Structures are given as C-alpha cells and as structure tokens.
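Secondary and tertiary structure notes
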Amino acid sequence: MIMPALCFLNYDLKSDHCQSITKLLMASSRLLNDIQSYQKELEVGEKNFVILYSKANPKAGLETSIKHVKEILDKMKKELLEQAVMDGFNDLPKTCNHFHVSILRVFYMFFNSSNLFDSATELIPDINRAIHL
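Summary of the structure given here.

Parameters and conventions
Residues numbered from 1 in each chain as written. Predicted model: local features only at pLDDT ≥ 70, side-chain atom pairs only at ≥ 80, totals over all residues. Heavy atoms only, no water. Axes fitted to C-alpha atoms, helices over the stretch in contact; angles between N-to-C directions. Helix = DSSP H or I, 4+ residues; strand = E, 2+ residues; numbered from the N terminus. Parallel < 35°, antiparallel > 145°, perpendicular 65-115°, else oblique. Contact = heavy atoms within 4.5 Å. Nonpolar A, V, L, I, M, F, W, Y, C, P; charged D, E, K, R; others polar. Phe/Tyr/Trp six-rings, centres within 6.5 Å; stacked < 30°, edge-to-face > 60°. Lys NZ or Arg CZ within 6 Å of the ring centre and 35° of its normal. Buried < 20%, exposed > 50% of the residue type's maximum accessible area, 1.4 Å probe, protein only. Arc of directions from axis to C-beta. Polar contact = N/O pair within 3.5 Å; in protein donor to acceptor, adjacent residues only side chain to side chain. Core = buried A, V, L, I, M, F, W, Y, C linked by side-chain atoms within 4.5 Å. Left-handed = near helix turned anticlockwise from the far one by under 90°.

1. A short note on the packing of helix H2 (residues 16–44) against helix H5 (residues 94–111)
Running from amino to carboxyl end, H2 crosses H5 at an angle of 5°, the nearest separation of the two axes being 10 Å. With respect to their mutual orientation, H2 and H5 come out roughly parallel. Contacts between H2 and H5 involve Ile21, Thr22, Leu25, Ser28, Ser29, Leu32, Asn33 and Gln36 from the former and Asn97, His100, Ile103, Leu104, Phe107, Tyr108 and Phe111 from the latter. Split by residue class, the contact of H2 with H5 holds 8 nonpolar, 7 polar and no charged.

Pasting the structure below:
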C-alpha cells in the first residue's frame with residue numbers, strides 16, 4: 001500500500017532516507033497488527049512477532065511479550081518521527097515526510113485498541129466522518 005503510493009508521488013524510492021523511513025513505517029504497521037492479532041493467529045497456527053517472542057522466551061508470557069513489542073514499536077515510532085520532522089535530517093521533500101507520518105497515524109487508528117480491519121462495522125463512523133466531514 002505504501003510503496004505504490006510513493007511511486008505516484010514521484011520520489012526517489014532508492015534513496016537511503018526514503019528506504020529507511022519506509023522500512024520503519026512498514027515494520028511499525030506489522031508490529032501494530034501483531035499486537036492485536038496474536039490470539040487469532042495463535043488459534044490458526046500462524047506466526048507473528050508476539051508469538052515468536054513468547055516462544056523464544058517461555059518465562060516471559062504473552063503479556064510481557066506484548067509489552068516488549070510495544071517498547072520496540074515506541075522506539076521505531078520515535079525514530080520515524082525524528083526522521084520525518086527534524087529539519088535537515090534527510091533530503092526528502094516535506095510532502096514525502098508528511099505522507100509517512102500520516103500513514104503511521106492511520107495505522108495507529110486501525111490498530112490502537114483492536115484490529116479494526118477484522119471488524120465489519122467498527123470503521124463505519126470513521127469512514128463516514130472522513131467522507132462527509
């Protein structure tokens with residue numbers, strides 16, 4: 001979803017800064033999803049980072065694994081925001097940096113309290129608000 005949109009924005013996707021900030025964004029979205037979907041994925045036998053960390057650290061338990069993933073996520077979010085907001089940090093246009101921050105905000109909205117992608121009705125008020133307001 002992110003890479004095709006960047007292509008339409010006509011940025012140099014091979015620049016080190018673009019690759020760095022995009023990797024942070026994609027990894028953040030993956031971790032946000034993993035925090036919300038680990039129970040469902042555990043039931044169907046799929047892997048995600050919460051489950052993998054829990055299995056690698058059996059004494060930690062799921063709650064500690066979630067806390068660990070959230071700590072990683074916080075560090076990644078801070079690094080992404082630093083790269084996007086600090087003047088002179090990268091050679092990307094402000095619109096590209098703004099795009100990355102906006103997409104991060106969308107992912108946080110989708111995965112903040114539950115996995116809204118799996119709900120048939122949870123996003124309807126947000127969609128209506130975005131379209132009509």
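2. Comments concerning the packing of aromatic side chains
Going through the model one piece at a time under the given rule, you end up with 0 aromatic pairs. Of note, Lys77 hangs over the ring of Tyr108, and the distance from its end group to the ring centre comes to 4.6 Å.

3. Details of helix H3 (residues 49–56)
Those residues of H3 that fall on the buried side of the exposure criterion are Val50, Ile51 and Ser54. Axial view of H3: buried residues confined to an arc of 95°, hence all on one face. Residues of H3 that are buried make contact with H2 and helix H4 (61–85). Taking the backbone nitrogen of Val50 as reference, a side-chain oxygen 2.9 Å away marks Asn48 as the first, capping residue of H3.

4. Re the nonpolar core
Within the largest apolar cluster, 26 residues are counted, with the highest numbers of intra-cluster contacts made by Leu25, Leu32, Ile35, Val50, Leu73, Leu80 and Phe107. Looking at this core, the elements with two or more residues in it are H2, H3, H4 and H5. The dominant element in this core, judged by the number of residues it contributes, is H5, at 9 residues.

5. Notes on the packing of H2 against H4
Between H2 and H4, the shortest axis-to-axis distance is 9 Å and the interhelical angle comes to 155°. Here H2 lies roughly antiparallel to H4, going by the angle between them. Judged by the twist between their axes, the crossing of H2 over H4 is left-handed. Residue-level contacts link His17, Ser20, Ile21, Leu24, Leu25, Ala27, Ser28, Leu31, Leu32, Ile35 and Tyr38 of H2 to Leu62, Glu63, Ile66, Val69, Lys70, Ile72, Leu73, Met76, Glu79, Leu80, Gln83 and Ala84 of H4. For the contact of H2 with H4, the per-class residue count stands at 16 nonpolar, 4 polar and 3 charged.

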